[in-house]
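Structural overview for review
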Amino acid sequence: MIRFSKSKLNTFLSCPEKYYLFYELGLRSPKSSPTLVEGSCIHHLVEAGVMYRDRIDDVLEQASLSFWLENTFERCGYETQGEYLAAQAKCFMQAQAFLDQLGPVTARHIELRVDTPLIHPITLVEHPEITLTGFIDMVLVGPEGDHCVVDLKSVQRMPREGMSRVALELTLYAYLYSLPFEAQALPAIPVALVYLIRTRTPQVHFDESRRSMAHFVELYNICRKVAQDIEQWHFWKNPGIHCSWCDAASACYGEEQTAIATFGRETWDRYREDQERRQEINLPDAVNL
């Protein structure tokens, strides 16, 4: 059985080798990067503020406290305690600014979890060997009463416009929210990437689009193809600009000291042993070719 989330699908599609290292081999840094930690914190605070708008001040303070109690200094990649404390204050200030700009939006759901077997949206045939799971950040209620599926993104600069039209995570979330499918035409589902832009003056930017039956069929086909590659052990390196922010890059590029500092000696040794095993498995086929 293969369980796909947006992270797993996007990871495989960007670099199958990264998928293998993260999800098959379990190569993970024991410390989260500051960028990831702060993005998660702001994400958490904004959701809490939207959910409990009527008592936002108390809720934000409690949400911030609980987040940083879970993400201690030892678990984060900050160099000093001063940087760690400064990040807490900055995230709190920026979350307040984002919530002020969002205003009193109405959310039907926050962090809605949906799990399902992969289902063809037209034939309604289930594939229980492939399951989909997702936490939908928000489902906002529009002025006409329609529901918009939202994915929050914490970013450092204004993003390129139109990403909502191609974002796979929005297709996945709209697919999950549209369940159960029925043997009839499916109305287009409003979706949006809501960017929380962490510039000097924090900004909120909505990038809106829609998802239709054709998008869901495409998602179905992608899931089947990715599952087939994983089952057949088809993993390959796909180097590119994304390597710049990949934790596994030091391992892929053979930067031993950096990899040991990132993952620890034991994990590095396990990675090297796995690489040798994979080469031994692949070499006979390569020779025969």
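Criteria and cut-off values
Residues numbered from 1 in each chain as written. Predicted model: local features only at pLDDT ≥ 70, side-chain atom pairs only at ≥ 80, totals over all residues. Heavy atoms only, no water. Helix = DSSP H or I, 4+ residues; strand = E, 2+ residues; numbered from the N terminus. Rg over C-alpha atoms; globule rule 2.2 N^0.38 Å. Buried < 20%, exposed > 50% of the residue type's maximum accessible area, 1.4 Å probe, protein only. Contact = heavy atoms within 4.5 Å. Axes fitted to C-alpha atoms, helices over the stretch in contact; angles between N-to-C directions. Parallel < 35°, antiparallel > 145°, perpendicular 65-115°, else oblique. Nonpolar A, V, L, I, M, F, W, Y, C, P; charged D, E, K, R; others polar. Pairing = 2+ DSSP bridges. Core = buried A, V, L, I, M, F, W, Y, C linked by side-chain atoms within 4.5 Å. pLDDT = per-residue confidence, 0-100. Arc of directions from axis to C-beta.

Within the protein chain, the secondary structure is distributed over 10 helices and 6 strands. Computed over the C-alpha atoms, the radius of gyration of the protein chain is 21 Å, within 12% of the 19 Å expected from 2.2 N^0.38 for a compact globule of 289 residues. By its C-alpha atoms, the protein chain is 65 × 60 × 30 Å across when sized along the principal axes. Scored against the burial criterion, the 289 residues of the protein chain give a buried share of 44%. When contacts within the protein chain are restricted to residue pairs at least 6 apart in sequence, those whose partners lie at least 24 apart make up 69%.

To continue, consider the side chain of Thr-116. Its place among the elements puts Thr-116 in strand S2 (residues 107-119). When neighbours within four sequence positions are excluded, Thr-116 is seen to be in contact with Ile-130, Thr-131, Leu-132, Tyr-175, Leu-176 and Leu-179.

This part covers the environment of Phe-135. Looking at the element boundaries, Phe-135 is found in strand S3 (residues 126-141). Residues contacting Phe-135, with those up to four places away along its chain left out, are Glu-111, Leu-112, Arg-113 and Tyr-173.

This paragraph deals with the packing of helix H1 (residues 6-14) against helix H2 (residues 16-24). Remark: H1 packs on H2, axes separated minimally by 5 Å, with the N-to-C direction vectors making an angle of 135°. In terms of their interaxial angle, H1 and H2 are classed as oblique. Between H1, through Ser-7, Lys-8, Thr-11, Phe-12 and Ser-14, and H2, the contact on the second element is made entirely by Pro-16, Lys-18, Tyr-19 and Tyr-23. Looking at side-chain class alone, the contact of H1 with H2 contains 4 nonpolar, 3 polar and 2 charged residues.

This next bit is on the pairing of S3. Strand direction decides the pairing type here: strand S1 (residues 2-4) and S3, joined by 3 bridges, are parallel. By the bridge assignment for S3, Arg-3 is matched with Thr-131. Both S2 and S3 contribute to a ladder of 11 bridges, which runs antiparallel. Counted as the bridge partner of Asp-115 is Thr-133 from S3. Two successive antiparallel strands, S2 and S3, enclose a turn made up of 6 residues, where Leu-124 displays a positive phi of approximately 65°. Examined bridge by bridge, S3 and strand S4 (residues 147-155) share 4 bridges and lie antiparallel to one another.

A few words on the nonpolar core. One finds Phe-4, Leu-21, Leu-132, Tyr-175 and Ile-230 to be the most contacted residues of the largest nonpolar core, which totals 48 residues. Ignoring sequence-local partners within four residues, the contact set of Tyr-175 consists of Thr-116, Pro-117, Leu-118, Ile-119, Leu-132, Phe-181, Phe-216 and Leu-219. Listed in part, the 33 residues of the second largest apolar core include Ala-63, Cys-76, Tyr-84 and Val-150.

Attention now goes to the confidence of the model for the protein chain. Confidence in the prediction of the protein chain, expressed as mean pLDDT, is 92, and 96% of residues score 70 or more. Per-element confidence in the protein chain is highest for helix H6 (residues 168-178), whose mean pLDDT is 97, and lowest for helix H10 (residues 265-288), whose mean pLDDT is 77.

With that settled, consider H1. Within H1, burial applies to Leu-9, Thr-11 and Phe-12. Angularly, the buried residues of H1 cover 165° about the axis, an arc narrow enough to put them on a single face. Close packing links the buried residues of H1 with S1, H2, H6 and helix H7 (213-231).

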